[in-house]
Amino acid sequence: MFNNDENTQNLNVIVELFGSDSEDELERHQKAKNQNIYLSNIQKNISGLNIYKNFLDTKSLNNINFHINNQNWFDPVNNINQKVYFGDIPQFLYENLIDELILRNVFKNNLHISDRFPLFDHLISNFYAPGEGLTHHIDLPHKFQDGIVICSIKGTCEMEFRLKNEQEYLQVIGVFLEPGDVVCLTGEARWKWEHGIRNKTYDKDFGGNMIKRTERISINLRKLKDEGLIGPPTTEEDS
Ligand SMILES: O=C(O)CCC(=O)C(=O)O
């Protein structure tokens, strides 16, 4: 895990060794450092949550967006803002996302997930108009197994994670998400923490800047439980 002082020292050593980096380079280092501290603090607090920043590069994101547009998954004017696949997941998502999740073994600490085949057999892609959110929820425990992936394809938002007991919320933690970010939910993060997105027009990024929301698209990958196969979940039931 990250240690603030150690990081600052490392940064200074790099600059001393290689001479004064350009301002841009220093800024980049500083930004990456802040981002890593931000992420490691969140992950320390939510057991089973793994966030991979910039998991997908621009080429993969463009490819996915191209196919989504080409296949007219969404028609916000007519309220069509969700696409669901059951069983076979489209090939372009293997080529641009799932193969990479497998290659980088994102569930490496959970053999019961990484060893299963297929890794996912259920997909929901969501379209959000600017400012639109998603009710906090835990993905249906009786329908879906452990090991869920949420990938941001387009637009930014703050995803909120909430842990509650019968009476109150014990912890509420926000995570700023950008296109290409992958969130993996296992264990407590999958079974105990709710996740959701508030309706709002601006979100705070990891550097404290307010970022205006635009349209957002996400891809959500899950594996059905055997008993979850009893029929396609309805849209409302599922989220
Ligand atoms: O769209 C997202 O980023 C999350 C979606 C989600 O949690 C769901 O559809 O259950």
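Given the structure is predicted, the values throughout are model-derived calculations rather than measurements.

A. Representation of the pairing of strand 9 (residues 194–197). Side chains of strand 9 alternate between two faces, with His195 and Ile197 buried and Glu194 and Gly196 left unburied. As judged from the two bridges shared by strand 4 (residues 134–137) and strand 9, these two strands associate in the antiparallel manner. If you follow leucine 134 over to strand 9, its bridge partner there is isoleucine 197. The sheet contact formed by strand 6 (residues 157–164) and strand 9 spans four bridges and is antiparallel. Residue pairing for strand 9: glutamate 160 is matched across the bridge by glycine 196.

B. Looking closely at the sheet that holds strand 7 (residues 169–177). In space, the four strands of this open sheet follow the order 4-9-6-7, with antiparallel pairing throughout. A single partner strand is all that each edge strand has here, and the edge strands are strand 4 and strand 7. Going from strand to strand, the sheet's axes swing by 20 degrees on average, the running direction of each strand aside.

C. Spatial organisation of unusual backbone geometry. Cis geometry marks the peptide bond from phenylalanine 117 to proline 118, where omega comes out at -10 degrees. Assignment of secondary structure puts proline 118 in the loop between helix 5 (111–114) and strand 3 (122–128). Located in the positive-phi region is asparagine 54, a residue other than glycine, with phi close to 50 degrees. With respect to the secondary-structure elements, asparagine 54 resides in the loop between strand 1 (49–52) and helix 3 (58–70). Asparagine 54 sits in the partly exposed class, given 13 other C-beta atoms within 10 Å. A positive phi is found at asparagine 72, a non-glycine position, where the angle reads about 50 degrees. Position of asparagine 72 relative to the elements: it lies in the loop between helix 3 and strand 2 (82–86). Take asparagine 72: there are 9 C-beta atoms within 10 Å of it, and that puts it in the exposed class.

D. Geometry of the nonpolar core. In terms of nonpolar packing, the biggest core is built from 40 residues, with Leu97, Val149, Cys151, Val182, Cys184 and Ile219 touching the most fellow members. A total of five residues in this core trace back to one element, the largest contributor, which is strand 5 (residues 148–154). Contacts of valine 182, omitting those with residues within four sequence positions, involve Tyr52, Phe55, Val106, Val149 and Cys151.

Cut-offs applied
- Sequence order as written defines the numbering, with residues in each chain counted from 1.
- Per-residue local features of the predicted model are confined to residues with pLDDT of at least 70, and side-chain atom pairs are confined, for both listing and counting, to 80 or more; whole-chain, interface and lining totals are unaffected and use all residues.
- Our exposure labels follow a C-beta count within 10 Å of each residue's own C-beta, placed from the backbone: buried means 20 or more other C-beta atoms, exposed means 12 or fewer, and partly exposed covers the counts in between.
- The helix count covers DSSP runs of H or I at least four residues long, the strand count covers runs of E at least two residues long, and both are numbered beginning at the N terminus.
- A pair of strands counts as paired when DSSP detects no fewer than two bridges linking them.
- A fitted line through C-alpha atoms represents every axis, and for helices the fit uses only the stretch in contact; the resulting angles, taken between N-to-C directions, go from 0 to 180 degrees.
- Definition of nonpolar core: a set of buried Ala, Val, Leu, Ile, Met, Phe, Trp, Tyr and Cys residues joined via C-beta atoms within 7 Å.
- Note that contacts rest on C-beta atoms placed from the backbone: two residues are in contact if these are within 7 Å.

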